[in-house]
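# Fold and geometry: a report
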Amino acid sequence: MATSKNRSEKDGPAEPETAKVLQKRQLMTQVARRTGLRNSDVKTVVEATLAELGDAMALGMTLALPPLGRARVSRRNDSSGGEVITLRLRRRLQGSDKDGEDVSGA
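Quick look at the overall build of the protein chain now. From N to C terminus, the protein chain includes two helices and three strands. Helices and strands in the protein chain line up, N terminus first, as α-α-β-β-β. Across the 106 residues in the protein chain, those meeting the buried criterion constitute 9%. Sequence separation of 24 or more characterises 8% of the internal contacts of the protein chain that already satisfy a separation of 6 or more.

Here we come to the sheet that holds strand β3 (residues 82-90). Strand pairing in a sheet relies on backbone hydrogen bonds. The paired strands run either parallel or antiparallel. Strand order in the open sheet formed by three strands is β1-β2-β3, and the pairing between neighbours is antiparallel. A strand with exactly one partner marks an edge of an open sheet, and here the two such strands are β1 (63-65) and β3. Taking the axes of each pair of neighbouring strands and ignoring which way they run, one obtains an average angle of 30° across the sheet. Sheet topology places β1 next to strand β2 (residues 69-79); three bridges connect them, and they run antiparallel. When the bridges of β2 are listed, L63 appears paired with A71.

Our next topic: the pattern of salt bridges. This structure, assessed with the given rule, holds two salt bridges. Across the salt bridge formed by E47 and K24, the nearest N and O atoms sit 3.2 Å from each other. Of this pair, E47 sits in helix α2 (residues 39-58) while K24 is found in helix α1 (residues 24-35), placing the two residues 23 residues apart along the sequence. With a shortest N-O distance of 3.3 Å, R38 and D41 are connected by a salt bridge.

Moving on: the confidence of the model for the protein chain. With 74% of its residues at a pLDDT of at least 70, the protein chain reaches an overall mean of 80. Least confident of the elements in the protein chain is β2, whose mean pLDDT is 84; most confident is α1, at 96. Considering only residues more than four positions removed or in separate chains, one finds that residues 100-106, a stretch of pLDDT under 50, has eight contacts.

To continue, consider a nonpolar patch on the surface. There is a patch of nonpolar side chains on the surface, built from L65, L68 and L89 and spanning about 250 Å² of accessible area. Locating L65 in the fold gives a position in strand β1.

Here we take up the pairing of β3. Two elements, β2 and β3, share nine bridges in a ladder whose sense is antiparallel. Counterpart to A71 in the pairing with β3 is L89. As consecutive antiparallel partners, β2 and β3 are separated by two residues, and within that stretch G81 has a phi angle of approximately 95°, a positive value.

The next thing to look at is the environment of Q30. Residue position: Q30 is located in helix α1. Separated by twelve residues in the primary sequence, Q30 and V42 have C-alpha atoms spaced 9.6 Å apart.

On to α1. The end-to-end C-alpha separation of α1 is 16 Å, in line with the 16 Å expected for twelve residues at 1.5 Å each. Once α1 finishes, G36 follows within two positions and takes phi at roughly 80°, a positive value.

Conventions adopted
- Each chain carries its own residue numbering, running from 1 in the written order of its sequence.
- For this predicted model, a pLDDT threshold of at least 70 governs which residues receive local features, and a threshold of 80 or more governs which side-chain atom pairs are given and counted, while totals over whole chains, interfaces and linings are taken from all residues.
- Excluded from the side-chain calculation are hydrogens and water; included are all heavy atoms of the structure.
- Only DSSP runs of H or I with at least four residues qualify as helices, and only runs of E with at least two residues qualify as strands; both kinds are numbered from the N terminus onward.
- Per-residue accessibility, obtained with a 1.4 Å probe over protein chains only, is compared with the maximum for each type, and a residue is labelled buried under 20%, exposed over 50%, and partly exposed between these values.
- Contact between two residues is taken to exist if any of their heavy atoms lie within 4.5 Å; hydrogens are not considered.
- When DSSP finds two or more bridges between two strands, those strands count as paired.
- Helix axes are fitted to C-alpha atoms over the stretch in contact, other axes to C-alpha atoms as well, and angles between N-to-C directions run from 0 to 180 degrees.
- Here, a salt bridge means any Lys or Arg side-chain nitrogen found within 4 Å of an Asp or Glu carboxyl oxygen.
- On a scale of 0 to 100, pLDDT captures the predictor's confidence in every residue.
- Nonpolar side chains (Val, Leu, Ile, Met, Phe, Trp, Tyr) are joined into patches within 5 Å and like charges within 9 Å, using only residues with over 30% relative accessible area and no salt bridge.
- In this description, accessible areas are obtained by the Shrake-Rupley approach with a 1.4 Å probe, and a residue is regarded as covered only by the protein chains that are shown.
- Working rule for helices: expected span equals 1.5 Å times residues minus one.

Below, the structure is given as structure tokens:
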């Protein structure tokens, strides 16, 4: 059976052909460059932030983190070796105002 590139959501999201991965080390480097802080200072903050986000997701909390978006746990599965948490992430479209309303006229 052939699969369509534009699968419906009920079939599940299409897997990316070539996933780009942001590693924690890269994230820390980029945050240090953006903020002008030392890598050691950024490491402490990034690791604490990731730990707090992980704890919130484990509790099933919705994350409201602009400009990243709003993420909520949509499914949890226990598999051998760990828990798999599926998140739904909703982001504002480019061109929308602060209140989330589309100002592009679409």
